[in-house]
Amino acid sequence: MSAKLGILLLWALAVVYLIFYAPAGEQYTMEQMQALFTFEQTSMNPLVIALFNSLGVWPLLFTAFLFTDPGRGRLKAWPFVLLSFGAGAFALMPYIALRKESTHLIKPGTVGKVTGSKVFAGLLVLLTGALIIFAIGSFQPGGLWEAFWSYHLVHTMVIDFLLFAVLAVYMIKKDAAKRKRTLTSKQWLLFSIPLLGTALYLLYRPGWKKSRYSYKKR
């Protein structure tokens, strides 16, 4: 319960900060906005491009948690997951904090079996790895730092990314406990790496057949 209250408090603080205290900054041109989608590096810092696109990968990672273990109660995950593709972690945090948890994994539906599969996890590892390689290829941390304080959009994206990273660690802890898995300190260090670590955990965790003993019907 304290962890869920912490998630709600963190969500509220982040919302208040972005509305009232975050720097307004400059606005990107249409050409620069297009570069976020086309990966064009001449008009946009590669780290900003990678950051923007990572915010589209995070919701996919969370489908592997929320659709394979939908919890109890009438509050469904899918509307919040869909919203998270636009609103980021700000859409998921209230749902995760307010949903009714089950002590065991609940048998997932068809979508949950797909998002919980090793094939889906492997694709996410490749996708996150490709984003990291793209970011490292033209590593310009100074440009990201400058953009963070100059552009409200980048400021928001960085905070959103960090919120996703914190939320992912919470979900990994819950998921591992329900699958009766005890993670070593080295595994925690690896799986706590933002984005890639989460994808690697999804690839590591036991699949449907091996976890079936931990599931129960609704």
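Residues numbered from 1 in each chain as written. Predicted model: local features only at pLDDT ≥ 70, side-chain atom pairs only at ≥ 80, totals over all residues. Heavy atoms only, no water.

Engineer: Help me understand the pattern of salt bridges in this model?
Structural biologist: Charged atoms that come close allow side chains of opposite charge to pair. Following the criterion strictly, the structure yields two salt bridges and no others. Two residues, D175 and R179, come together in a salt bridge whose shortest N-O distance is 2.8 Å. Between R205 and D175 there is a salt bridge, with its nearest N and O atoms 3.1 Å apart. Taken together, the positions of R205 in the loop between α11 (196-204) and α12 (208-211) and D175 in helix α9 (residues 152-178) put the pair 30 residues apart, joining distant regions of the chain. Comparing R205 with D175 shows no difference in burial state: the two are buried. Residues joined in a network through salt bridges with shared partners are D175, R179 and R205. (Salt bridge = Lys/Arg side-chain N within 4 Å of Asp/Glu carboxyl O. Helix = DSSP H or I, 4+ residues; strand = E, 2+ residues; numbered from the N terminus. Buried < 20%, exposed > 50% of the residue type's maximum accessible area, 1.4 Å probe, protein only.)

Engineer: Any chance you could explain the nonpolar core here in plain terms?
Structural biologist: Looking at soluble globular proteins, one finds that nonpolar side chains tend to be buried together. Formed by 60 residues in total, the largest nonpolar core has its most connected members in W58, F62, L66 and I96. The set of elements that each furnish at least two residues to this core consists of α1 (2-20), α2 (30-38), α3 (46-66), α5 (89-98), α7 (118-137), α8 (141-150), α9 and α11. When residues of this core are assigned to their parent elements, the largest contribution, 14 residues, is made by α9. Beyond its immediate stretch of four places on either side in the chain, W58 contacts F161, F164, A165, A168, P194, L195 and T198. (Core = buried A, V, L, I, M, F, W, Y, C linked by side-chain atoms within 4.5 Å. Contact = heavy atoms within 4.5 Å.)

Engineer: How should the packing of α2 against α3 be read in this particular structure?
Structural biologist: A packed helix pair is summarised by two numbers, namely the angle formed by the two axes and the spacing between the axes. Packing of α2 against α3 leaves a shortest axis separation of 8 Å and a crossing angle of 65°. Crossing of α2 against α3: the hand is right-handed. Contact residues: α2 offers A35, L36 and F37, while α3 offers V48, I49, F52 and N53. Classifying every residue of the contact of α2 with α3 gives six nonpolar, one polar and no charged. (Axes fitted to C-alpha atoms, helices over the stretch in contact; angles between N-to-C directions. Left-handed = near helix turned anticlockwise from the far one by under 90°. Nonpolar A, V, L, I, M, F, W, Y, C, P; charged D, E, K, R; others polar.)

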